[in-house]
Amino acid sequence: MSRVVEILQSLIRVPSVNPDGAPDSPFAGEKKVAEWVADFLAGIGAEVVLEEVLPDRPNVFGHFPGGLAEGEPKPRVLLAPHTDTVDVEGMTIDPFGAELRDGRIYGRGACDTKGTMAAMLAALEELGVERLAGLGSAVTMVGLIGEETGQHGSRHLARHHGGEYAFALVGEPTSCGIVH
């Protein structure tokens with residue numbers, strides 16, 4: 001089994017239903033998945049910050065060493081999937097089972113956007129801190145809350161950190177089309 005699949009299954013197993021869209025859901029809230037991502041990022045050498053956006057709904061940042069390039073600050077690159085999912089009501093499969101069947105993983109968030117997040121986390125893990133520090137850019141990963149309703153995490157990021165990044169890669173499903 002690939003590392004991306006392992007990470008994705010772990011992420012799916014942590015419920016993170018957007019509470020704005022499903023306030024009465026027992027699975028509502030992104031905090032637990034943000035903490036899981038924080039632990040993962042810390043484990044691979046990132047400086048981790050949980051930044052409260054709304055009560056018990058933090059964005060999670062993992063900053064990797066970037067430093068200077070020829071005496072000048074390196075441009076900063078942001079990897080930005082979101083941590084929330086839509087509600088699980090009406091699902092006919094176990095929303096948090098993360099079952100691998102016929103080459104596909106089934107569960108809430110598998111493609112929007114825990115799959116992207118898993119791929120990004122696996123890539124950061126494989127690159128490792130030393131290679132990341134040697135890149136021409138400083139890399140930050142952020143898991144954003146509230147994408148499914150209100151864009152709370154993205155709005156907070158723009159207000160408080162908007163000018164810090166030269167480029168952002170947002171892992172939203174687009175049928176493999178590049179959207180800019």
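For the structure, see preceding data.
Conventions used here
Residues numbered from 1 in each chain as written. Predicted model: local features only at pLDDT ≥ 70, side-chain atom pairs only at ≥ 80, totals over all residues. Heavy atoms only, no water. Buried < 20%, exposed > 50% of the residue type's maximum accessible area, 1.4 Å probe, protein only. Helix = DSSP H or I, 4+ residues; strand = E, 2+ residues; numbered from the N terminus. Pairing = 2+ DSSP bridges. Contact = heavy atoms within 4.5 Å. Phe/Tyr/Trp six-rings, centres within 6.5 Å; stacked < 30°, edge-to-face > 60°. Salt bridge = Lys/Arg side-chain N within 4 Å of Asp/Glu carboxyl O. Axes fitted to C-alpha atoms, helices over the stretch in contact; angles between N-to-C directions. Nonpolar A, V, L, I, M, F, W, Y, C, P; charged D, E, K, R; others polar. Bend = angle between axes of the 7 residues up to and from the residue.

Some points on the pairing of strand E8 (residues 138-143)
So, step 1. Across the six residues of E8, six count as buried, placing the element largely inside the fold.
So, step 2. Burial along E8 is two-sided: the face carrying Ala138, Thr140 and Val142 and the face carrying Val139, Met141 and Gly143 are both buried.
So, step 3. Pairing geometry for strand E2 (residues 57-63) and E8, over four bridges, is antiparallel. Paired with His63 across the two strands is Thr140, which belongs to E8.

Details of helix H1 (residues 3-12)
So, step 1. Here H1 has its buried residues at Val5, Ile7, Leu8, Gln9, Leu11 and Ile12.
So, step 2. Contacts made by the buried residues of H1 are with helix H2 (31-43), strand E6 (99-101), strand E7 (104-106) and helix H3 (114-133).

Regarding the packing of aromatic side chains
So, step 1. Per the stated rule, a full pass over the model turns up two aromatic pairs.
So, step 2. Considering the side-chain rings of Trp36 and Phe40, the 5.6 Å spacing of their centres and the 15° angle between planes classify their relative orientation as stacked. With Trp36 and Phe40 both in helix H2 and four residues apart, this pair spans about one turn of that helix.
So, step 3. Residue classification places Trp36 among the partly exposed residues on the basis of a relative accessible area of 23%.

Quick look at the side chain of Thr83
So, step 1. The residue Thr83 is located in the loop between strand E5 (76-79) and E6 in this model.
So, step 2. Thr83 has contacts with Ser16, Glu30, Val33, Lys114, Met117, Gly143, Leu144 and Ile145, leaving out every residue within four places of it along the chain.

Notes on the pattern of salt bridges
So, step 1. The tally for this structure, following the rule as stated, stands at seven salt bridges.
So, step 2. The shortest N-O distance in the salt bridge between Arg76 and Glu164 comes to 3.2 Å. Linking Arg76 in strand E5 with Glu164 in the loop between helix H4 (152-161) and strand E9 (167-169), this pair joins segments that are 88 residues apart in sequence.

A look at the sheet that holds E5
So, step 1. Pairing within the open sheet is mixed, and its five strands lie in the order E1-E2-E8-E5-E9. For this open sheet the edge positions go to strand E1 (47-54) and E9, each flanked by a neighbour on one side alone. On average, each strand axis in the sheet is inclined to that of its neighbour by 20°, with strand direction left out of account.
So, step 2. The pairing of E1 with E2 spans seven bridges and is antiparallel. Within E2, the residue paired with Glu52 across the bridge is Pro58.
So, step 3. Docked against the sheet, H2 engages E1, E2 and E8, running at close to 10° with respect to E2.
So, step 4. Sheet contacts for H3: E5, E8 and E9; angle to E8, the most-contacted strand, approximately 150°.

Section: the environment of Ser137
So, step 1. Relative to the helices and strands, Ser137 is located in the loop between H3 and E8.
So, step 2. Considered as a pair, Ser137 and Lys74 are 63 residues apart in the sequence and their alpha carbons are 5.1 Å apart.
So, step 3. With near-sequence residues (within four places) excluded, Ser137 lies in contact with Lys74, Pro75, Val77 and Leu132.

Brief notes about the packing of H1 against H2
So, step 1. Put simply, H1 and H2 touch, their axes get as near as 11 Å, and they point 145° apart. Between H1 and H2, the contacting residues are Arg3, Ile7, Ser10 and Leu11 on the first element and Val33, Trp36, Val37 and Phe40 on the second.
So, step 2. Partitioning the contact of H1 with H2 into residue classes produces six nonpolar, one polar and one charged.

Description of H3
So, step 1. Roughly 75° is the biggest bend found in H3, and it falls at Leu127.
So, step 2. Residues Lys114, Gly115, Met117, Ala118, Met120, Leu121, Ala122, Leu124, Gly128 and Leu132 constitute the buried set of H3.
So, step 3. Buried residues in H3 make contact with H1, H2, E5, E8 and E9.

Concerning unusual backbone geometry
So, step 1. Look at the link from Asp112 to Thr113: it is a cis peptide, with omega at -10°.
So, step 2. Here Thr113 shows up in the loop between E7 and H3.
So, step 3. In this structure, Asp56 takes a positive phi of about 60° despite not being glycine.

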